[in-house]
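Single-letter residue listing:
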Amino acid sequence: SPWRATVLTLFPEMFPGPLGVSLAGRALASGVWEIEARDIRASATDRHRSVDDTPAGGGPGMVLRADVLAAAIDAVGISPDRPKLLMSPRGRPLTQARVAELAQGPGPLIVCGRFEGIDQRVIDARGLEEVSIGDYVLSGGEIAAMALIDACVRLLPGVMGKEASGTEESFSDGLLEYPQYTRPQLFEGVPIPEILTSGDHAKVAAWRRAQSEALTAARRPDLWARIPPKAPNRPGRQK
Ligand code: ADE
């Protein structure tokens, strides 16, 4: 059966949203993957259908109730092989390696946080894996969930076609992408780097590698620190 993302949200109408167009949208239409957006509010039990309440101990905002969210998770059904994720700025940062793992499995259940947070007891009791898409705060987990799903879907078999197929791009080798050029040969007086039109494939590859390394060292010292030193004089690494 196709890869499936099940999203628990208070705003199911946000899905598929941008995932319904372009690469992901075509794959969705052709049945390569599915999205199931479920309304957390459907699991509310009181007559006001309330899903949140004031934080224990005081403080601003509202907290998503443990009982309501647990019921929403349980209503999805038992599938112990599906990762249960919670989109949250507190989570472990999402990586291409985790994306590749998620793309290889049956597809995750994704809880979208809202308000000031969700009751810790449901995170613990259902073993939710908290995932962040970056060190900034969105108003809810939905857009973060879309980013995660998009990153997975493009790796599914048959979605990307021959181009790159996930191997020749940023992060697969731990380096940022080298710069790309196409026609016109002269843009506002600036030519395409001569080496790229030389036809010398070995020189092109070496130039691209050097560009990737220089960009990574300059912009992402965190990634650069993980690239094994290479003999003898790696930029930024001399003693
Ligand atoms: N929800 C709000 N901000 C988020 C973030 N940065 N990552 C994941 N989920 C979020």
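Everything quoted here is computed from the prediction, not taken from an experiment. (Residues numbered from 1 in each chain as written. Predicted model: local features only at pLDDT ≥ 70, side-chain atom pairs only at ≥ 80, totals over all residues.)

Comments concerning the overall build of the protein chain
Of regular secondary structure, the protein chain possesses seven helices and 10 strands. For 239 residues, the compact-globule estimate of 2.2 N^0.38 gives 18 Å, and the protein chain exceeds it by more than 25% at 22 Å. For the protein chain, the spread of C-alpha atoms along the principal axes amounts to about 70 × 45 × 40 Å. The burial tally for the protein chain puts 25% of its 239 residues in the buried class. Taking as baseline every contact in the protein chain between residues at least 6 positions apart, the subset at least 24 positions apart corresponds to 75%. (Helix = DSSP H or I, 4+ residues; strand = E, 2+ residues; numbered from the N terminus. Rg over C-alpha atoms; globule rule 2.2 N^0.38 Å. Buried ≥ 20, exposed ≤ 12 C-beta atoms within 10 Å, placed from the backbone. Contact = placed C-beta atoms within 7 Å.)

Digging into the sheet that holds strand β7 (residues 117-118)
A sheet is described by the order of its strands in space; here three strands give the open sequence β3-β4-β7, paired in mixed fashion. Two strands lie at the open edges of the sheet, namely β3 (52-53) and β7, each paired on one side alone. Looking at chain direction, β3 and strand β4 (residues 63-64) are connected through two bridges and run antiparallel. In the strand pairing of β4, Asp-52 is matched with Leu-64. (Pairing = 2+ DSSP bridges.)

Considerations on the site of the ligand
Neighbouring the ligand are the residues Met-87, Ser-88, Pro-89, Gly-113, Ser-132, Ile-133, Gly-134, Tyr-136, Val-137, Leu-138, Gly-141 and Ala-144. Examining the composition of the shell around the ligand, we find that three residues originate from one element, strand β5 (residues 84-93), more than from any other. Here the residues of the shell around the ligand sort into seven nonpolar, five polar and no charged. (Near = placed C-beta within 6 Å. Nonpolar A, V, L, I, M, F, W, Y, C, P; charged D, E, K, R; others polar.)

As for the nonpolar core
Counting residues in each nonpolar core, the largest one holds 42 residues, and the members touching the most others are Val-7, Leu-69, Ile-110 and Ala-145. Apart from the residues within four sequence positions on either side, Leu-69 is in contact with Ile-40, Leu-64, Val-111, Ile-118 and Val-122. (Core = buried A, V, L, I, M, F, W, Y, C linked by C-beta atoms within 7 Å.)

Considerations on helix α3 (residues 96-104)
When α3 is considered as a whole, its buried residues turn out to be Val-99, Leu-102 and Ala-103. Down the axis of α3, the buried set is contained in an arc of 100°. They therefore lie on one face. Exposed positions of α3 whose direction lies more than 90 degrees from the buried face are Ala-97 and Gln-104. On its buried face, α3 is in contact with α5 (142-153). (Arc of directions from axis to C-beta.)

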